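# Chain and residue survey
Single-letter residue listing:
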Amino acid sequence: MPYGPHTAPDRERMLATLGIASVDELFLDIPEALRASPLRLPDPEPELELASRLRGLAARNRVDLVSFLGAGVYRHYSPAVVDQMLLRGEWYTAYTPYQPEVSQGTLQSIYEYESLIAELVGLEIVSASHYDGAAATAEAGLMTCRATRRERVLVSRAVHPHYRETMQTYFGSALQLDEIPLVETGPDAGTTDLAALERLLGDTERPVAGVVAAQPNFFGLLEPMREIGELAHAVGALFTAVVEPVSLAVLDPPGAYGADIAAGEGQALGISPQYGGPYLGILACTEPLVRQIPGRLVGMTTDVRGQRAFVMTMRAREQDIRRDKAASNICTNQALLALAASIYLVTIGPHGLRDVAATGAARAAELETALAGLGIERLHPGPYLNEFAVRIPGARDIHRRLIDRGFLAGLVLADVEPGDPAVADTLLLCATEVTTSTDIARFAGALAEVLGAMPPVAVEAGPRSGAAR
Amino acid sequence: MNPTDLRYTNDHEWVRVEGDTATIGITGFATDQLGDIVYVELPATGTALAQGATFGVVESVKAVSDLFAPISGEVVATNDGLSSQPELVNQEPYGSGWMLKLKVADASELDSLLDAAAYDALNAEA
């Protein structure tokens, strides 16, 4: 059964019109070494057997674990109306609503997404939308270079490691990306080192376009965002805040502490954690940067009959017009996921979002207390919202043993920062409003069992775990 | 139809030289082609420009176009009025719609530019 839209006679007619003999001739401009080699697919199977095999593969995913994993993707309760609304076929449209006369519904949904996010981040301009938080953060870095005509960006080491890697990919060798070290000890351990930042900014030979820091940071800690922004602005650099949108219900929004750009992962807004996405990149900026922000901007206007209408605006800098000189090559707007975020936000409302954020923080505090009862202390002393790191000797082994007992004990930090001794033997743990007190008590119990069963060396390293039992 | 005391580029910039200062803008033909201009992005004062280098962009409701330096020189002034009133470029392209002033680096480069008659002829072909 052919799945392509064109029949063999269709193809023959198109080839005849073009005056070529085969489809391959269309790709002759591409050097042969760069062309995709033929796909090596297994032979066809009967649907019944294939479905059974795919079900078997899917069953290898563990969806039964009690999870304390966050690290950039967060489990939240999504009201049933969110997914139900997304099933409506009207939303399944091709990418970009270039023609306002036939796209008012899609355009209005994007306009409303942009309005909701603008309110959440406290900045005037929001574009809809980017692949994920990492891509949005990289675009933010490029925006600061274009706006300042400088070529160097500083990113805090407490920004998600995947985001830093993505920035490096986008920057290539044309732009410089330097990391700001973290405070190693004392009450501010694990947050961006302001003194080091000031030194990096003082290098007048290599002027800085932008400074990037995350709130909460990758370790769940709260950063001195206002101070970071002031240091950046003092040397004419712009300040990008990487934000987690649910946290903005209880933390200051970027607009309140002087950020010029906000970027972040929108998955927490009604989108289920999935194995790698698709997710939703949030990108917002102040009005003076409106000509630097990539992605779709939708405005509200009136049509020729004086009726309210929605239309894409600031189009002239996009790639279909500006080609290689466009602000970005971003060409999707993740509209369905932006719609999910919009429905989530309007369904739970500002008070609901505050409850989600506050409950997550309360559960995380409960988790901290339960772990402290086992003698497991936080890695950093500073304030956090709903995620924190703990040091446990043998962390990777303990993590593995807990999976056998039905618990996902967060993230082994050494897996994402393998060369960093500061995070050796640590776990990054998260709680949200869907984490229950029962989950926490059972997790602590399982952890106590695992610690008790550990080889002597680990028990010596954590003597209080014995006392707690 | 274009002022005879100016020099022109094939890319539709004009340049007026007074002493060692060159004032630069875009021509009436360019503004007619672009339509309503909504934004002009100009370089910082002190920027050194080589002849033919991109010095900014002009954005109309239809398109965004690069601006090219007709001659080499250092930017000594830009037209701040255009940030709030970009329409001046449409209204008075050779007057209040000017874009930047350069300190002329090499006056001989002017010889490579078109005079009004040659520029009129270029547009007649278009």
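Residues numbered from 1 in each chain as written. Chains lettered and ligands numbered in written order. Predicted model: local features only at pLDDT ≥ 70, side-chain atom pairs only at ≥ 80, totals over all residues.

## Here we look at the overall build of chain A
Rule in force here: To qualify as a helix, a DSSP run of H or I must reach at least 4 residues; to qualify as a strand, a run of E must reach at least 2; elements of each kind are numbered from the N terminus. Both definitions apply: the radius of gyration is a C-alpha atom measure, and the globule rule equals 2.2 Å times residues to the power 0.38. Neighbour density around each residue's C-beta defines its exposure: 20 or more other C-beta atoms within 10 Å make it buried, 12 or fewer make it exposed, and counts between make it partly exposed, where C-beta atoms are placed from the backbone. Contacts are defined on C-beta atoms placed from the backbone: any two residues whose C-beta positions lie within 7 Å are in contact.
Counting its regular elements, chain A contains 15 helices and 14 strands. Taken over C-alpha atoms, the radius of gyration comes to 25 Å for chain A, in line with the 23 Å a tight globule of 469 residues would show. For the C-alpha atoms alone, the extent of chain A along its principal axes is close to 80 × 65 × 50 Å. Scored against the burial criterion, the 469 residues of chain A give a buried share of 43%. Considering only contacts in chain A between residues 6 or more positions apart, those separated by 24 or more positions represent 72%.

## Remarks on the overall build of chain B
What chain B contains, in helices and strands, is 4 helices and 9 strands. Listing every helix and strand of chain B by position from the N terminus yields β-β-β-α-β-β-β-β-β-α-α-β-α. Whereas a compact globule of 126 residues would reach a radius of gyration of roughly 14 Å, chain B reaches 13 Å, a difference of no more than 12%. Along the first, second and third principal axes, the C-alpha set of chain B runs to 35 × 35 × 20 Å. The burial tally for chain B puts 38% of its 126 residues in the buried class.

## Considering the sheet that holds strand S2 (residues 13-18) of chain B
All names here are of chain B. Operational definition: Only strands that DSSP links by at least two bridges are regarded as paired with each other.
In spatial order, the strands read S1-S2-S3-S9-S8-S5; together these 6 strands make up an open sheet with antiparallel pairing. Each edge of the open sheet carries a strand with a single partner, namely strand S1 (7-8) and strand S5 (48-49). With 2 bridges joining them, S1 and S2 adopt antiparallel strand pairing. Bridge pairing in S2 places Tyr8 opposite Trp14.

## Considering helix H4 (residues 104-121) of chain A
Residue and element names in this part refer to chain A. In plain terms, the rule: An expected span of 1.5 Å times one less than the residue number is assigned to each helix.
The end-to-end C-alpha distance of H4 is 26 Å, a good match for the 26 Å that 18 residues give at a rise of 1.5 Å each. Buried residues of H4: Thr106, Leu107, Ser109, Ile110, Tyr111, Glu112, Tyr113, Glu114, Ile117, Leu120 and Val121, and no others. Positive phi appears at Gly122, one or two residues downstream of H4, with a value of about 75 degrees.

## Describing the interface of chain B and chain A
Selection rule: Polar here means any residue other than Ala, Val, Leu, Ile, Met, Phe, Trp, Tyr, Cys and Pro, which are nonpolar, and Asp, Glu, Lys and Arg, which are charged; Gly is therefore polar.
On the side of chain A, 5 residues touch chain B, which itself brings 4 residues to the contact. For the side of chain B that touches chain A, a count of residues per class yields 3 nonpolar, no polar and 1 charged.

## Some thoughts on the domain arrangement of chain A
Residues and elements named next belong to chain A. Put simply, the test is: For every domain, the bounds stem from an assignment made automatically or drawn from a database.
As assigned here, chain A comprises domain 1 (80-344) and domain 2 (349-454). Centre-to-centre, using C-alpha coordinates, domain 1 lies 28 Å away from domain 2. Of the residues lining the interface, 16 residues belong to domain 1; the matching set on domain 2 comes to 21 residues. Here the side of domain 1 that touches domain 2 is built from residues that sort into 10 nonpolar, 4 polar and 2 charged.

## Topic: the confidence of the model for chain A
Quick reminder of the rule: A residue's pLDDT is simply how confident the predictor is in it, with values from 0 to 100.
Of all residues in chain A, 95% attain a pLDDT of 70 or more, and the chain-wide mean is 91. Long-range and interchain partners of residues 457-469 of chain A, a stretch whose pLDDT sits below 50, account for 21 contacts in this model, where long-range means more than four residues apart.

## Let's talk about the sheet that holds strand S6 (residues 54-60) of chain B
Residues and elements named next belong to chain B. To keep things clear, this is the line we draw: Angular values range over 0 to 180 degrees, each being the angle between N-to-C directions of two axes fitted as lines to C-alpha atoms, with helices fitted over their stretch in contact.
Strand order across the open sheet formed by 3 strands is S4-S6-S7, with antiparallel pairing between neighbours. Two strands lie at the open edges of the sheet, namely strand S4 (37-41) and strand S7 (64-68), each paired on one side alone. Neighbour-to-neighbour, the strand axes of this sheet turn through a mean angle of 25 degrees, independent of strand direction. Sheet topology places S4 next to S6; 4 bridges connect them, and they run antiparallel. Bridged to Glu41 within S6 is Val57.

## Describing the pairing of strand S14 (residues 426-430) of chain A
In summary, the side chains of a regular strand alternate between the two faces of the sheet. All names here are of chain A. For S14, the buried fraction is high: 5 of the 5 residues fall into the buried class. A two-sided burial pattern is seen for S14, the buried positions comprising Thr426, Leu428 and Cys430 on one face and Leu427 and Leu429 on the other. Across 2 bridges, the pairing between strand S13 (residues 411-412) and S14 is antiparallel. Residue pairing in the sheet places Leu411 in a bridge with Leu428 of S14.

## Let's talk about the pairing of strand S3 (residues 21-26) of chain B
Residue and element names in this part refer to chain B. Sheet analysis places S2 next to S3, joined by 6 bridges and oriented antiparallel. Counterpart to Glu13 in the pairing with S3 is Ile26. Remark: 2 residues form the turn of the hairpin made by S2 and S3, two consecutive strands paired antiparallel; Gly19 in that turn has positive phi of roughly 65 degrees. Of the strand pairs in this sheet, S3 and strand S9 (residues 100-104) are connected by 4 bridges, and their pairing is antiparallel. Opposite Ile24, over in S9, you have Leu100 as the bridge partner.

## Topic: the nonpolar core
Residue and element names in this part refer to chain A. The condition that has to hold: Put simply, a nonpolar core is buried Ala, Val, Leu, Ile, Met, Phe, Trp, Tyr and Cys residues tied into one set by C-beta atoms within 7 Å.
Core analysis: the largest hydrophobic core is formed by 124 residues, its most contacted members being Val211, Ile261, Ala262, Ala284, Ala341 and Leu427. In terms of residues, this core owes the most to one element, helix H10 (residues 335-372), which gives 16 residues. The residue makeup of this core includes at least three contributed by each of domain 1 (80-344) and domain 2 (349-454). With near-sequence residues (within four places) excluded, Val211 lies in contact with Leu154, Leu197, Ile228, Ala232, Ala237 and Phe239.

## Concerning the environment of Ser437 of chain A
All names here are of chain A. Mapped onto the secondary structure, Ser437 falls in helix H13 (residues 437-452). Ser437 sits in the exposed class, given 12 other C-beta atoms within 10 Å. Put simply, Ser437 and Leu367 are 70 residues apart on the chain and 8.4 Å apart in space, counted from C-alpha to C-alpha.

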